[in-house]
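# Fold and geometry: a report
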Amino acid sequence: MISILSLACGVMASGGTYLLLRRRLFEFLIGLTLIGHAVNLSLFVASTPRSGLPSVIGMKQDALMNSALDPVPQALILTAIVISFAAVTLLAVLFRTSLKDAEFHDIEDIQEGSK
Amino acid sequence: MIATLPIFFALFLAILSFILRSKKSGTKIIVLGSFFQFLLANIIIYLVAYQKEVLHVSFGAWPPPFGISFYIDTFSGLMIWISSLLFLIVQIYSLASPESSNRFWAHNFCWNTLAAGVYGAFSTNDLFNLFVWFEVLLLSSYVLFTWSFTDGSLQEENKIKGRKGLISYLVLNIIGSSIFLFGLALLYSSTGTLNFADLQSLKAEDVSLVIHLAGFCLAFAFAMKAGFFPLFNWLPASYPFGPISSVALFAGLLTKVGVYALIRFFLPTSPLSSEWILSVMLVIANFTMLLGVYGAATHQSLRRILSFHIVSQVGYMALGFAIGTTTALSASIFYLLHHMVVKTNLFLIAGTVSHLRDTDELKHLGSITKSNPWLALAFVISALSLAGLPPFSGFWAKFFILYSAANAEVYWGLGIGIFVGLFTLFSMLKIWNEAFLKPPLQVLTYQVKIPRPYSFAILVFTLWTIGLGIYPSMLTKISDFAAIQVLDTQSYLQTLQGDIK
């Protein structure tokens, strides 16, 4: 399970890096989202999901079962998702206004300030 | 309890600026609030530096390995104090700058959330919490940046450059945050904790390769935010085009938050740190100093030159950190306190110059000594201080850093430090000749009157530089004590584990 997740993490990170190197604004956005997801997945891998039991303390128990998932990384992922979503949304708005005002799609066009 | 007050007060001010958005006196109340924030920071610095207390709190009464804890010692206290001073004074400056013409309440809102992020980053003891505060301050800074696109203070060509700069600032910082988070994932998977006190108490034989890798990821992310050598390109790309009051504040604060995090979490005793991180950092520090000042020497616009100087000055702090002795750390802390004020002041002066002449290209400027002699004097004082000449604070800051480099027998750092100081002076002379001294190419009609908030802000910062230059021991004692306290892992652990009982 861990090896599959790690592999998925690596594939997403490399795909994101590839898209970032394309230097097109829209692909930047997708690439950053992919990298964000790869990192979130790596946080999930940190919780060592061996059994997959939910991390909930039952009615008659007073402690978490040993085989349950570690709840901390899930809390961390939740926070990280919200933050990266906010940052990517802000970037999307910035790209949108850039496209509308100056009609450029490529980072090179911005450099020349033309088109 | 008092450890959380700066953050809550800043968030309260942010909400207050939303509530008072349609009131005429709203802005004045917010500035008054920032003044109270500064008074609060004074109480904190009195408690930590003179009463030798350590302010700490664990949220929800969860003991340290489980809950998030805040920990304010003298180093954090000093940083909170100096940043609250910067927030107050630069906010007064922004009352007259172009940003105030367009939705100023929203500007004040982001200003105060930025403050909350900065105070949080300075006081937290938990690495994930540090990540969250970094994001709070970065998101606020992205939004503050966009003011220059809407308030009409930029020309059309600079608007496009500014947008490109902002895009690179955003993209690189998002990548940096991802790397930071990846480091945290590695750290958590191998140690099961992100609390720094808990990490400090790891035994040396438990420190595995994964922890070193995590340490590398974190150092990379901090170095990127601090603007160290291979990763500083976002800084001169974006800073020359942002709104002047925000950029002056970022120049003083944001890169230094990265330096603070490096000093705090990569001490020689920290499990994240290792021999090779410090020796790599030494090389990086030298390159940062050199390339920053080289960039400054080749550019021809006031704010661009100053942006490159941020990079080269951060190199000095990195040098002090990389040497790692108590005197070197104390020198780095002193350097932070000197540099934050002087750099902000230089940016404020550059903003005033572009307010007077509508441009900051050196070739279009000239003869400010004639029209505004006091502004010229303030520039001379700050510029000489930045270059490290004797009667001002920069001399002592550079002297302490280079003295500790000589003591630790890091002669490369010593030589490059002196050389870079010389080049800093050279590029400051370039600004002086071009912008202040030479007669302008064509006779322009320009403004002479400097708005009162501008003069006030510049006056306060200039007096700080002179005062610290004449009487440096008012801070050296505190910074020595702060460095000893930062390196004293035992009492740090005792304080935090005292909470458990």
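Residues numbered from 1 in each chain as written. Chains lettered and ligands numbered in written order. Predicted model: local features only at pLDDT ≥ 70, side-chain atom pairs only at ≥ 80, totals over all residues. Heavy atoms only, no water.

A few words now on the overall build of chain A. If you tally the helices and strands in chain A, you get four helices and zero strands. Ordered by position from the N terminus, the helices and strands of chain A form the series α-α-α-α. Once local pairs closer than 6 in sequence are excluded, the contacts in chain A between residues at least 24 apart make up 50%. Surface exposure of chain A reaches about 6900 Å², of which carbon and sulfur atoms provide 67%. (Helix = DSSP H or I, 4+ residues; strand = E, 2+ residues; numbered from the N terminus. Contact = heavy atoms within 4.5 Å. Areas by Shrake-Rupley, 256 points an atom, 1.4 Å probe, with all protein chains shown as cover.)

Glancing now at the confidence of the model for chain B. The share of residues in chain B with pLDDT of 70 or more is 97%, and the mean pLDDT across the chain is 86. For this predicted complex, the interface score ipTM comes out at 0.86, while the overall pTM is 0.90. (pLDDT = per-residue confidence, 0-100.)

Turning next to the packing of aromatic side chains. Residues and elements named next belong to chain B. Taken as a whole, this structure holds 41 aromatic pairs over all chains when the rule is applied. The interplanar angle of 90° and the centroid separation of 5.0 Å between the aromatic rings of F59 and F70 together place this pair among those described as edge-to-face. Pair noted here: F59 is in the loop between β1 (55-58) and β2 (69-72) and F70 is in strand β2, with a separation of eleven residues, a long-range link. Aromatic pair Y316 and Y335: ring centres 5.5 Å apart, planes at 10°, arrangement stacked. Here Y335 lies in helix α14 (residues 326-357) and Y316 lies in helix α13 (residues 302-323), a separation of 19 residues in the sequence. For Y335, a relative accessible area of 0% translates into the label buried. The structure contains a cluster of three or more aromatic residues connected by ring pairs, namely F128, F131, F134, F180, F196, F222, F265 and F266. (Phe/Tyr/Trp six-rings, centres within 6.5 Å; stacked < 30°, edge-to-face > 60°. Buried < 20%, exposed > 50% of the residue type's maximum accessible area, 1.4 Å probe, protein only.)

Residues and elements named next belong to chain B. One can describe the packing of α13 onto helix α18 (residues 411-437) by two numbers: an axis separation of 11 Å at closest approach and a directional angle of 165°. In terms of orientation, α13 and α18 fall into the roughly antiparallel class. Here α13 and α18 pass one another in a crossing that is left-handed. Taken together, the residues of α18 that come into contact with α13 (itself represented by L302, I305, L306, H309, S312, Q313, Y316 and L319) are G413, G417, V420, G421, T424, S427, M428, K430 and I431. Of the residues contributing to the contact of α13 with α18, the split by class is eight nonpolar, eight polar and one charged. (Axes fitted to C-alpha atoms, helices over the stretch in contact; angles between N-to-C directions. Parallel < 35°, antiparallel > 145°, perpendicular 65-115°, else oblique. Left-handed = near helix turned anticlockwise from the far one by under 90°. Nonpolar A, V, L, I, M, F, W, Y, C, P; charged D, E, K, R; others polar.)

Take the packing of helix α11 (residues 244-265) of chain B against α14 of chain B next. Residue and element names in this part refer to chain B. Orientation of α11 relative to α14, taken along the N-to-C sense of each, is 165°, at an axis distance of 7 Å. The angle between the axes of α11 and α14 places the two elements in the roughly antiparallel class. As for the relative orientation of α11 and α14, their crossing is right-handed in sense. Residues I244, V247, A248, A251, G252, L253, K256, V259 and I263 of α11 form the contact with α14, whose participating residues are L329, S332, L336, H339, M340, K343, T344, F347, L348 and G351. When grouped by side-chain class, the residues that make up the contact of α11 with α14 number twelve nonpolar, five polar and two charged.

Let us look at a nonpolar patch on the surface. Residue and element names in this part refer to chain B. Together, I15, F18, I19, W105 and F109 make up an exposed nonpolar region whose accessible area comes to about 450 Å². For the nonpolar patch, the secondary-structure elements that each account for two or more residues are α1 (5-19) and α4 (104-123). Here the nonpolar patch takes three residues from α1, the largest share from any one element. Its place among the elements puts F109 in helix α4. (Patch = residues over 30% accessible without salt bridge, like charges linked within 9 Å, V, L, I, M, F, W, Y side chains within 5 Å. Salt bridge = Lys/Arg side-chain N within 4 Å of Asp/Glu carboxyl O.)

Residues and elements named next belong to chain B. In total, this model carries two salt bridges over all chains according to the counting rule given. Measuring nitrogen to oxygen at the nearest pair gives 2.7 Å for the salt bridge that ties D73 to R264. Remark: R264 occurs in helix α11 and D73 occurs in the loop between β2 and α3 (74-94); sequence separation between them is 191 residues. Since its relative accessible area comes to 6%, R264 is described here as buried.

Attention now goes to empty space enclosed by the protein. Applying the stated criterion across every chain, the model contains five cavities of 30 Å³ or more. The computed volume of the largest cavity comes to approximately 140 Å³. Lining the largest cavity are 16 residues; nearest its centre among them are S84 of chain A together with F131, I174, S177 and S178 of chain B. Elements represented by at least two residues in the lining of the largest cavity include exactly α2 (25-45) and α3 (71-102) of chain A together with α5 (127-145) and α7 (156-191) of chain B. Considering every element that reaches the lining of the largest cavity, the biggest residue donor is α7 of chain B, with five residues. Looking at side-chain class alone, the lining of the largest cavity contains nine nonpolar, six polar and one charged residues. Computed from the structure, the second largest cavity encloses a volume of approximately 70 Å³. Elements with a contribution of two residues or more to the lining of the second largest cavity: α8 (196-200), α20 (473-487) and α21 (489-497) of chain B. (1 Å grid on protein atoms, 1.4 Å probe; cavity = no way out; pocket = protein on both sides within 12 Å on 5 of 7 lines; lining within 4 Å. Points joined across faces, edges and corners; volume = space filled by probe spheres on them.)

Compared with an ideal rise of 1.5 Å per residue, which puts 36 residues at 52 Å, α7 of chain B spans 52 Å between its outermost C-alpha atoms and is within 8% of the ideal. Once α7 of chain B finishes, G192 of chain B follows within two positions and takes phi at roughly 75°, a positive value. (Expected span 1.5 Å × (residues − 1).)

Another point: the confidence of the model for chain A. Here chain A shows a mean pLDDT of 79. Residues at 70 or above account for 79%. Across chain A, the element-wise mean pLDDT spans from 53 in helix α4 (residues 107-112) of chain A up to 90 in helix α1 (residues 2-21) of chain A.

Each partner contributes residues to the interface: chain A has 31 residues there, and chain B has 24 residues. Here chain A meets chain B over a buried area of about 2500 Å², counting both sides, of which 85% is carbon and sulfur. Three residues, I83, L90 and L94 of chain A, lead the burial of chain A against chain B; their summed loss comes to 20% of the area buried on that side. Linking chain A to chain B there are zero salt bridges. Viewed at the interface, chain B and chain A are joined by zero residue pairs in polar contact (both at pLDDT 80 or more). Counting only elements with at least two residues in the side of chain A that touches chain B, the list comes to α2, α3 and α4 of chain A. Counting residues per element, the side of chain A that touches chain B draws most heavily on α3 of chain A, which supplies 15 residues. In the side of chain A that touches chain B, the residues fall into 22 nonpolar, seven polar and two charged. (Buried area = accessible area lost by both parts, 1.4 Å probe. Polar contact = N/O pair within 3.5 Å; in protein donor to acceptor, adjacent residues only side chain to side chain.)

Helical geometry: 3.6 residues make up each α-helical turn, so side chains three or four residues apart lie on a common side. End to end, helix α2 (residues 26-50) of chain B covers 36 Å across 25 residues, agreeing with the expected 36 Å (1.5 Å per residue, within 8%). One or two positions beyond α2 of chain B, positive phi appears at K52 of chain B, with a value near 55°.

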